[in-house]
Amino acid sequence: MSERTPYLAANWKMQKTVEETEDFLDRFLGNIGDLQDTDIAICPPFTSLVAAVERCRRSPVRIAAQNMHEADSGAFTGEISASMLTSIGVEAVVLGHSERRAIFAETDEALALKVVAALRADLQPILCVGESLEERSDGVTEDVLRRQLEAALEQVEASQLGSIVIAYEPVWAIGTGKTASPEQAEEAIGFARSVVAEKDSESAARIRILYGGSVKPDNAEELLRREEIDGALVGGASLDPADFLAICEAGS
Ligand code: PGA
């Protein structure tokens, strides 16, 4: 780990009702007292955001949405805007998760608009990038990361780059139990940082770049110990308060 403040985010995906959200938070928040200088974000589904913001009000935990639309309002049935999220106290938003890219056909172009819309609304983007297994086997991991990062960050002012959080999530490691090795994760994250540095080297030194993909309590420490890896975006293992707490402790 570097001098950058560690950032641990729980991506619940389409899981947990309001009641389950409150139950998780009651158990999780009671045990985070020892976590010093660590940024923690919980990303529940839209229906649990209000309850989660309410429960975390007097805690250091920030609440993030899992997606948003780039427009501020309009005829976009089923969508939610950045200002709607900030109006209920949401502070961050996951953008470009590989499930959204693959299942919901989210494009680099739409993402570029979402990143600037989030920043404009004062929502911290947690921007996900990562290669598929085929792309890794073909040796084009860096090309993919460069394309995704350059597209998503194209319209971001250099002065705002440092406040974004990037999550490097190799698609082949998400939900599969196959974690990238600490070396693979560190190499890809180092490369991602170099792409940011081409835009602004000061922001590249500040920006937090997380690893995501089958992070569990038993592999978190070896990943999070690495200089380049500033934290984790955790799916499956973040659904259990004790497991997510153990991962936060490994990162803090
Ligand atoms: P996982 O998911 O930890 O279950 O692999 C990570 C993610 O999709 O963000």
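Structure report, in brief.

The rules behind the values
- Residues numbered from 1 in each chain as written.
- Predicted model: local features only at pLDDT ≥ 70, side-chain atom pairs only at ≥ 80, totals over all residues.
- Heavy atoms only, no water.
- Salt bridge = Lys/Arg side-chain N within 4 Å of Asp/Glu carboxyl O.
- Helix = DSSP H or I, 4+ residues; strand = E, 2+ residues; numbered from the N terminus.
- Buried < 20%, exposed > 50% of the residue type's maximum accessible area, 1.4 Å probe, protein only.
- 1 Å grid on protein atoms, 1.4 Å probe; cavity = no way out; pocket = protein on both sides within 12 Å on 5 of 7 lines; lining within 4 Å.
- Points joined across faces, edges and corners; volume = space filled by probe spheres on them.
- Nonpolar A, V, L, I, M, F, W, Y, C, P; charged D, E, K, R; others polar.
- Pairing = 2+ DSSP bridges.
- Axes fitted to C-alpha atoms, helices over the stretch in contact; angles between N-to-C directions.
- Contact = heavy atoms within 4.5 Å.

1. So, the pattern of salt bridges
Phase 1 of the analysis: All chains considered together, the criterion is met by 20 salt bridges.
Phase 2 of the analysis: Of the charged contacts, one joins arginine 27 and aspartate 23 as a salt bridge, the two residues approaching to 3.2 Å between their closest N and O atoms. With a gap of four residues between them, arginine 27 and aspartate 23 both fall in helix α1 (residues 18-29), about one helical turn apart.
Phase 3 of the analysis: Residue arginine 27 is classed as partly exposed on the basis of its relative accessible area of 46%.
Phase 4 of the analysis: Measuring nitrogen to oxygen at the nearest pair gives 2.9 Å for the salt bridge that ties aspartate 108 to arginine 101. A single burial state applies to aspartate 108 and to arginine 101, both of which are buried.
Phase 5 of the analysis: It is possible to trace a salt-bridge network through shared partners that takes in Arg4, Arg193, Glu228 and Asp230.

2. With respect to the layout of surface pockets
Phase 1 of the analysis: When its volume is computed, the largest pocket comes out at roughly 390 Å³.
Phase 2 of the analysis: In the lining of the largest pocket, the residues fall into seven nonpolar, four polar and three charged.
Phase 3 of the analysis: The volume enclosed by the second largest pocket comes to roughly 160 Å³.
Phase 4 of the analysis: Lining the second largest pocket are 15 residues, with Ser98, Arg101, Gly130, Gln148 and Val171 positioned closest to its centre.
Phase 5 of the analysis: The set of elements that each furnish at least two residues to the lining of the second largest pocket consists of α4 (98-103), β5 (124-129) and α7 (141-153).
Phase 6 of the analysis: In terms of residue class, the lining of the second largest pocket is built from five nonpolar, five polar and five charged.

3. Some details on the sheet that holds β5
Phase 1 of the analysis: The eight strands are arranged β1-β2-β3-β4-β5-β6-β7-β8 in a closed barrel whose pairing can be described as parallel. Direction aside, the axes of adjacent strands within the sheet are offset by 25 degrees on average.
Phase 2 of the analysis: With four bridges connecting them, β5 and strand β6 (residues 165-168) associate as parallel partners. Following the sheet pairing, isoleucine 126 is matched in β6 by valine 165.
Phase 3 of the analysis: Those strands touched by α7 are β5 and β6, and its axis lies near 155 degrees from that of β5.

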